[in-house]
Amino acid sequence: MNPSSPSSRAIHRLNRRNFIQYSSVWIGSSILAACTNSNQPSTSNSRLDKVTFGTNWIAQAEHGGFYQAIATDIYKDYGLDVTIKMGGPQVPSGTQLLMGDAVDFFTGYGMDAVNAIAQDIPKITVAAIFQKDPWCLIAHPNPAIKTLADLKSKPIYVSTSANIT
């Protein structure tokens, strides 16, 4: 690339979506690091603490930082040997995996924490990235639908987790 070309001098701005994604990754990585015994600096001869982290879905952009931290040995720098287990449609809930000792941490939803309290499940919420779960309505373009009232008598599908929040 030519150093004097305009594209090499462009200032890249961080949009809101990228800011939230990067912040989530940073906070999640910080949480994993903070929840381990890292009082002593890690050396190549020291034993790494094994940690299994469960994601809430199949690998996607929001999880990229967790995978990048493994690829660049960031977790090892903090004394962690991290394994990531992907979630998905046929995977039990994060709470089930946590209670069954299949994972040590997982990304979940705010309602998971409330349900755990209601059901006397002994788990600890380490951090809340969002104040509210970011649910939205998505529809195919239809000139006949201009307001929410126009959706009356139309099929609307709601996920189980959205239904309880």
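(A) Expanded view of the overall build of the protein chain. Of regular secondary structure, the protein chain possesses six helices and three strands. Going residue by residue from the N terminus, the α and β elements of the protein chain occur as α-β-α-α-β-α-β-α-α. Evaluated residue by residue, the protein chain yields a buried proportion of 22% over its 165 residues. Partitioning the intrachain contacts of the protein chain with sequence separation of at least 6 by distance along the chain shows that 65% fall at a separation of at least 24. Of the roughly 12800 Å² of accessible surface on the protein chain, 57% is carried by carbon and sulfur atoms.

(B) Highlighting the nonpolar core. If you look at the biggest cluster of nonpolar residues, it comprises nine residues: Val51, Phe53, Phe66, Ala69, Tyr75, Leu80, Val82, Ile84 and Phe105. Looking at this core, the elements that each hand over two or more residues are strand S1 (49-54), helix H2 (64-71) and strand S2 (80-85). It is S2 that provides the largest number of residues to this core, a total of three residues.

(C) The arrangement of unusual backbone geometry in detail. In the Ramachandran plot, Asp120 falls in the positive-phi region, its phi being about 55° despite a non-glycine side chain. Judged by relative accessible area, Asp120 falls into the exposed class, the value being 69%. Phi is positive for Ser153, close to 75°, though the residue is something other than glycine. Ser153 gets classed as exposed once you look at its relative accessible area, which sits at 74%.

(D) How the structure looks around a nonpolar patch on the surface. A cluster of nonpolar residues, Leu137, Leu148, Ile156 and Val158, forms a patch on the protein surface that exposes about 440 Å² of accessible area. Take Ile156: it is sitting in the loop between helix H5 (110-118) and helix H6 (160-164).

(E) Expanded view of the sheet that holds S2. An order of S2-S1-S3 is seen for the three strands of this open sheet, with the pairing classed as parallel. A single partner strand is all that each edge strand has here, and the edge strands are S2 and strand S3 (105-106). The pairing of S1 with S2 spans six bridges and is parallel. Bridge pairing in S2 places Asp49 opposite Leu80.

(F) Region of the structure containing the packing of aromatic side chains. Using the criterion set out here, one finds one aromatic pair in the structure. With a centroid separation of 4.5 Å and 45° between ring planes, the pair formed by Phe53 and Phe66 is classed as tilted. Of this pair, Phe53 sits in strand S1 while Phe66 sits in helix H2; the two residues are 13 residues apart in sequence, bridging distant segments of the chain. The exposure class of Phe66 is buried, given its relative accessible area of 5%.

(G) Representation of the pairing of S1 in the model. As defined by bridge partners, S1 adjoins S3 across two bridges and the pair is classed as parallel. Across the sheet, the residue bridging to Gly54 is Phe106, located in S3.

Cut-offs applied
- Residues numbered from 1 in each chain as written.
- Predicted model: local features only at pLDDT ≥ 70, side-chain atom pairs only at ≥ 80, totals over all residues.
- Heavy atoms only, no water.
- Helix = DSSP H or I, 4+ residues; strand = E, 2+ residues; numbered from the N terminus.
- Buried < 20%, exposed > 50% of the residue type's maximum accessible area, 1.4 Å probe, protein only.
- Contact = heavy atoms within 4.5 Å.
- Areas by Shrake-Rupley, 256 points an atom, 1.4 Å probe, with all protein chains shown as cover.
- Core = buried A, V, L, I, M, F, W, Y, C linked by side-chain atoms within 4.5 Å.
- Patch = residues over 30% accessible without salt bridge, like charges linked within 9 Å, V, L, I, M, F, W, Y side chains within 5 Å.
- Salt bridge = Lys/Arg side-chain N within 4 Å of Asp/Glu carboxyl O.
- Pairing = 2+ DSSP bridges.
- Phe/Tyr/Trp six-rings, centres within 6.5 Å; stacked < 30°, edge-to-face > 60°.

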